[in-house]
Amino acid sequence: MNLARDVAEKVSGSLIEVIPTARALGAEVRDVDLRSFDDWAFAGFMRALLKHQVLLVRSQTLSDTERAALGRRFGTATMIYTPHGTRLGETATFSSLYTVYDALPPRLRSRIAHLKIRQLASELESPPLQPEGPVHTAISGSVRPLVSVHPDTGRSMLALGSRRHAYLVGLELAESDALLDELWEFATRPEFSSTQLCRQGDLLVWDARCTIYRTNASFPTAQRLLHGSEIWSSIAPN
């Protein structure tokens, strides 16, 4: 068993103050310095991340080396840090793919139960499709069930990934696009979402396996890190 996950499961109580910020997902971690986290404190942080899906940590001061080391501890959970002195747009809106799946109408849930989604790296990898032809299973790109089970929480979720360059395997392209557009419209409804207000010095962390996010135009100017580890073994789609 992965050591960090084992520690997270055995820790008896939270060593950090976590304040939920929305009904669907998200929480704020208060009065902490992530540079000083030992394994027990970090395990509590990761437990909170699994529970709330998105964590906002205020007023952090991280060097490049400290930021990289912290990113390695998170794995493919996605981290955005906005150093002091960096201009940043004010919001990022996240949706919980757990609550989205739970709320799907029976018609949609039945329709997608056995479908698989393929995520291409870019439009350069898009296959040359005939107008009436299905999306081939032989083209490049990762494939996963559209309805998945989170490996750490065991909860069912809608594994949408990224809307761009995504296809539903075995469907005609027009049918695939129409169904994905319907699912994305449903998934981005306000009742499944939480908007995080970010300031200079803030660190924002989310579990990319069970969330999707939308930002304002200037949000990507923050410093974003993606790292891989055993804890976060699935694809980080965003």
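Please read all numbers here as calculations on a predicted model, not as lab measurements.

### Notes on the confidence of the model for the chain
For step 1, the next point in the chain: Per-residue pLDDT for the chain has a mean of 77; in total, 72% of the residues score no lower than 70.
For step 2, the next point in the chain: This model gives residues 1-13 a pLDDT under 50, and the stretch forms 16 contacts once residues within four places in sequence are excluded.
For step 3, the next point in the chain: Scored below 50 in pLDDT, residues 127-139 shows 24 contacts in the model against residues more than four places distant or in partner chains.

### Notes on the nonpolar core
For step 1, the next point in the chain: Residues Leu-146, Leu-158, Leu-160 and Leu-183 are the most contacted members of the largest nonpolar core, which totals 25 residues.
For step 2, the next point in the chain: Within the residue set of this core, elements represented by two or more residues are helix 4 (97-103), helix 5 (106-112), strand 9 (156-158), strand 10 (166-168) and helix 6 (173-187).
For step 3, the next point in the chain: Looking at this core element by element, the count peaks at six residues for helix 6.
For step 4, the next point in the chain: Excluding its chain neighbours within four sequence positions, the residues that come into contact with Leu-158 are Leu-97, Val-100, Tyr-101, Leu-104, Ile-112, Leu-146 and Leu-183.
For step 5, the next point in the chain: Counting 22 residues, the second largest nonpolar core, distinct from the first, contains Val-32, Ala-41, Phe-42 and Leu-203.

### A short note on the side chain of Ser-193
For step 1, the next point in the chain: Tracing the backbone through its elements, the reader meets Ser-193 in strand 11 (residues 193-197).
For step 2, the next point in the chain: From its side chain, Ser-193 meets the backbone oxygen of Arg-189 in a polar contact 3.0 Å long.
For step 3, the next point in the chain: Apart from residues no more than four positions distant in its own chain, Ser-193 is found in contact with Ala-24, Leu-25, Thr-93, Phe-94, Ser-95, Ala-187, Thr-188 and Arg-214.

### Here's the deal with the pairing of strand 2 (residues 27-30)
For step 1, the next point in the chain: Of the pairings in the sheet, the one linking strand 1 (residues 17-20) to strand 2 comprises four bridges and is antiparallel in character. Directly across from Ile-19, in strand 2, lies its bridge partner Glu-28.
For step 2, the next point in the chain: Hairpin connection, strand 1 to strand 2: the antiparallel pair is bridged by six residues, and Gly-26 has positive phi, about 100 degrees.
For step 3, the next point in the chain: Relative to strand 3 (residues 54-57), strand 2 is paired through three bridges, and the arrangement is parallel. Residue pairing for strand 3: Glu-28 is matched across the bridge by Leu-56.
For step 4, the next point in the chain: Where the polypeptide runs from strand 2 across helix 2 (residues 39-52) and back to strand 3, its parallel neighbour, the crossover connection is right-handed.

### Remarks on the environment of Leu-204
For step 1, the next point in the chain: Positionally, Leu-204 belongs in strand 12 (residues 203-206).
For step 2, the next point in the chain: In this structure Leu-204 comes out as buried when scored by relative accessible area, which is 2%.

### A short note on the environment of Met-46
For step 1, the next point in the chain: Looking at the element boundaries, Met-46 is found in helix 2.
For step 2, the next point in the chain: Exposure remark for Met-46: the relative accessible area of 8% places this residue in the buried category.
For step 3, the next point in the chain: C-alpha of Met-46 to C-alpha of Asp-207: the two residues are 161 residues apart in sequence and 9.8 Å apart in space.

### Description of the packing of helix 2 against helix 3 (residues 64-74)
For step 1, the next point in the chain: Two elements in contact, helix 2 and helix 3, have axes separated by 12 Å at closest approach and are oriented at 60 degrees. One way to sum up the angle between helix 2 and helix 3 is to call them oblique. The way helix 2 lies across helix 3 gives a crossing that is right-handed. Seen from helix 2, the contacting residues are Asp-39, Phe-42, Phe-45 and Met-46; seen from helix 3, they are Leu-70, Arg-73 and Phe-74.

### What to know about unusual backbone geometry
For step 1, the next point in the chain: The backbone of Gln-53 shows a phi angle near 75 degrees, a positive value even though the residue is not glycine.
For step 2, the next point in the chain: With respect to the element layout, Gln-53 can be found in the loop between helix 2 and strand 3.
For step 3, the next point in the chain: The exposure class assigned to Gln-53 is buried, which follows from its relative accessible area of 2%.
For step 4, the next point in the chain: In this structure, His-165 takes a positive phi of about 60 degrees despite not being glycine.

Here is what the cut-offs are and how they apply
Residues numbered from 1 in each chain as written. Predicted model: local features only at pLDDT ≥ 70, side-chain atom pairs only at ≥ 80, totals over all residues. Heavy atoms only, no water. pLDDT = per-residue confidence, 0-100. Contact = heavy atoms within 4.5 Å. Core = buried A, V, L, I, M, F, W, Y, C linked by side-chain atoms within 4.5 Å. Buried < 20%, exposed > 50% of the residue type's maximum accessible area, 1.4 Å probe, protein only. Helix = DSSP H or I, 4+ residues; strand = E, 2+ residues; numbered from the N terminus. Polar contact = N/O pair within 3.5 Å; in protein donor to acceptor, adjacent residues only side chain to side chain. Pairing = 2+ DSSP bridges. Right-handed = clockwise from strand over helix to strand, strands pointing away. Axes fitted to C-alpha atoms, helices over the stretch in contact; angles between N-to-C directions. Parallel < 35°, antiparallel > 145°, perpendicular 65-115°, else oblique. Left-handed = near helix turned anticlockwise from the far one by under 90°.

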